[in-house]
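# Summary of the model geometry
So you can see what is in the structure, the chains are spelled out below.
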Amino acid sequence: MALVLGTAASSAQSTAPDAPLATRQLAVVPALAGHPAPDVTASARSAYLLAYFKDETHSLHFATSADGYTFTDVNHGAPVLSGRVVADQKGIRDPHIMRGPDGDFYMSMTDLHIFAKREGLRTTDWERPEKDYGWGNNRNLILMKSHDLLHWTLAKVNVSVLFPAFAKAGNAWAPETIWNPTRKRMMVYFTTRIGNGPNFMVQSLADPAFTTLTTEPKQILHYPRPAVNTIDADITKVGDRYRMFYVAHEQPGSIRQAVSRRVDGGYVYDAQKIDPETVAAEAPNLWKRYGTSTYVLMYDVFGAKPNNMGFAETTDFKTFRNIGRFNDPGSTMKTTNFTAPKHGTVMAITPEEAERLRAYFSRK
């Protein structure tokens, strides 16, 4: 079935639940009506799900953790969803996953393959000329929705077609989703640019089915130096305020924080560099340790060779304690069966949800 702009569509290449382990994938379905949330006893969301991608696969990966310190990939390090199946560019990047107030799961990704020419997927470095549209130019956001973490609808949303003001948009990168309580809709925010201009971050409201955007994107943060690229916003409500962590491409690129009392704007600039890295970092993601007042800031240390995820903890959002990178000596953060994860998200889930994912991908 062809994928239609801004609407959900199924994929003939998606893998059925009884597929062998080597090819087992999340199921892409045309609608969620036949795939309700499992009727299980409610329990605390004391486990964790890490969604990430890898440069080697340009695909989606899942890992779970019982304690927020040690993460194990549910598919033995293999993708849970192939970028070649779901993306126009045959690759995905920057997965973000969250649970909405309706209990459903919302996932968004970048439709982009930065090595597509090398891998024979296109004949040019990028979809469009770099001199006109910049490095890594792309067109689509990928939006997906699920009741059970296993069956997902799929929509590819071309912002430049939907909104005339963005007809010459050079990219649509790193989409994330958060509930807008005033508009009572899911808000999607992402990085874009006009042509080959500087990157900036915008927000738009999604339709209830999570298949398209319905409001013209508006800039969500006004950096004091507009020529500086600002990318990779991650917004979390903490108390009565919204805390945005993002990347400013100063020298080197580093994580910054901005705070607002409303989700869709009004963020106040703070010049403090947040991450403890001496090399470039991007893709911040904030999550809370279950049963504590401690928040973890995770970020992709792409300046490290090989790349790795770094972590810092905070209780006051003024001081951030470096707890190291995955599997580094002295770090409490571990992976058991995968390495070099990139640009990911950690979400609280129940132990039953973690087991359901593990069982699905371990089934022969």
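### A look at the side chain of Asn-140
Residue position: Asn-140 is located in strand β7 (residues 140-146). A distance of 2.9 Å separates polar atoms of two side chains, one belonging to Asn-140 and the other to Asp-88.

### Brief notes about unusual backbone geometry
Between Lys-305 and Pro-306 the backbone carries a cis peptide bond, its omega angle lying at -5°. Residue placement: Pro-306 occurs in the loop between β18 (295-301) and β19 (308-314). Positive phi, close to 60°, is recorded for His-76, a residue that is not glycine. Checked against the element boundaries, His-76 lands in the loop between β4 (70-73) and α1 (83-86). You can call His-76 exposed: its relative accessible area is 53%. Phi angles above zero are rare outside glycine, and His-343 is one such case at about 30°.

### Considering the pairing of strand β5 (residues 92-99)
With respect to burial, β5 is a largely interior element, eight of its eight residues being buried. Note: β5 against strand β6 (residues 105-111), six bridges, orientation antiparallel. Following the sheet pairing, Arg-99 is matched in β6 by Phe-105. Where β5 folds back onto β6 in an antiparallel hairpin, the turn is made up of five residues, including Gly-103, whose phi is positive at roughly 90°.

### Points about the sheet that holds strand β10 (residues 185-194)
One open sheet accounts for four strands, arranged β9-β10-β11-β12; its pairing is antiparallel. Sheet topology places β9 (169-180) and β12 (218-219) at the edges, where each strand pairs with a single neighbour. Examined bridge by bridge, β9 and β10 share nine bridges and lie antiparallel to one another. Bridging across to β10, Asn-180 finds its partner in Arg-185.

### What about the packing of aromatic side chains?
For the structure shown, the criterion picks out 16 aromatic pairs. Pairing Tyr-52 with Phe-338 gives two aromatic rings, centres 4.9 Å apart and planes at 20°, and the pair type is stacked. Here the residue Tyr-52 occupies a position in strand β2 (residues 47-53), and Phe-338 occupies one in the loop between β21 (334-335) and β22 (342-349), the gap between them amounting to 286 residues. For Tyr-52, a relative accessible area of 0% puts it in the buried group. Judged by relative accessible area, Phe-338 falls into the buried class, the value being 6%.

### Here we look at the pattern of salt bridges
Considering all chains together, one arrives at 19 salt bridges under this definition. Among the ionic pairs, Asp-104 bridges to Lys-145, the shortest N-O distance being 3.7 Å. One end of the pair, Asp-104, is in the loop between β5 and β6; the other, Lys-145, is in strand β7, and 41 residues separate them in sequence. Here Arg-118 makes a salt bridge to Glu-119, at a shortest N to O gap of 4.0 Å. Among the residues examined, Arg-118 registers a relative accessible area of 62% and is labelled exposed.

### Describing the side chain of Ser-254
Mapped onto the secondary structure, Ser-254 falls in strand β15 (residues 254-260). At a separation of 3.3 Å, a polar atom in the side chain of Ser-254 contacts the side chain of Arg-256. Setting aside chain neighbours within four positions, we find Ser-254 in contact with Tyr-246, Val-247, Ala-248, Lys-273, Asp-275 and Ala-281.

### Focus: the sheet that holds strand β3 (residues 60-65)
Read across the open sheet, the five strands follow the order β21-β4-β3-β2-β22; overall the sheet is mixed. What marks the edges here is a single partner per strand, and that holds for β21 and β22. Sheet topology note: the β3/β4 ladder contains two bridges and is antiparallel. Looking at the pairing, Ala-63 lines up with Asp-73 of β4. This element, helix α4 (residues 351-362), spans β2, β3 and β22 of the sheet and lies at about 135° to β3.

### Some remarks on α4
For α4, spanning twelve residues, the distance from its first C-alpha to its last is 16 Å, which sits close to the expected 16 Å at 1.5 Å a residue. Listing the buried residues of α4 in full gives Glu-353, Ala-354, Arg-356, Leu-357, Tyr-360 and Phe-361. Along the axis of α4, the buried residues cluster in a sector spanning 160°; they form a single face.

### Re the confidence of the model for the protein chain
When pLDDT is averaged along the protein chain, the result is 93; 93% of the residues meet or exceed 70. Confidence drops under a pLDDT of 50 for residues 1-21, and excluding neighbours within four residues, the segment shows 59 contacts in the predicted structure.

Scoring rules and cut-offs
Residues numbered from 1 in each chain as written. Predicted model: local features only at pLDDT ≥ 70, side-chain atom pairs only at ≥ 80, totals over all residues. Heavy atoms only, no water. Helix = DSSP H or I, 4+ residues; strand = E, 2+ residues; numbered from the N terminus. Polar contact = N/O pair within 3.5 Å; in protein donor to acceptor, adjacent residues only side chain to side chain. Buried < 20%, exposed > 50% of the residue type's maximum accessible area, 1.4 Å probe, protein only. Pairing = 2+ DSSP bridges. Phe/Tyr/Trp six-rings, centres within 6.5 Å; stacked < 30°, edge-to-face > 60°. Salt bridge = Lys/Arg side-chain N within 4 Å of Asp/Glu carboxyl O. Contact = heavy atoms within 4.5 Å. Axes fitted to C-alpha atoms, helices over the stretch in contact; angles between N-to-C directions. Expected span 1.5 Å × (residues − 1). Arc of directions from axis to C-beta. pLDDT = per-residue confidence, 0-100.

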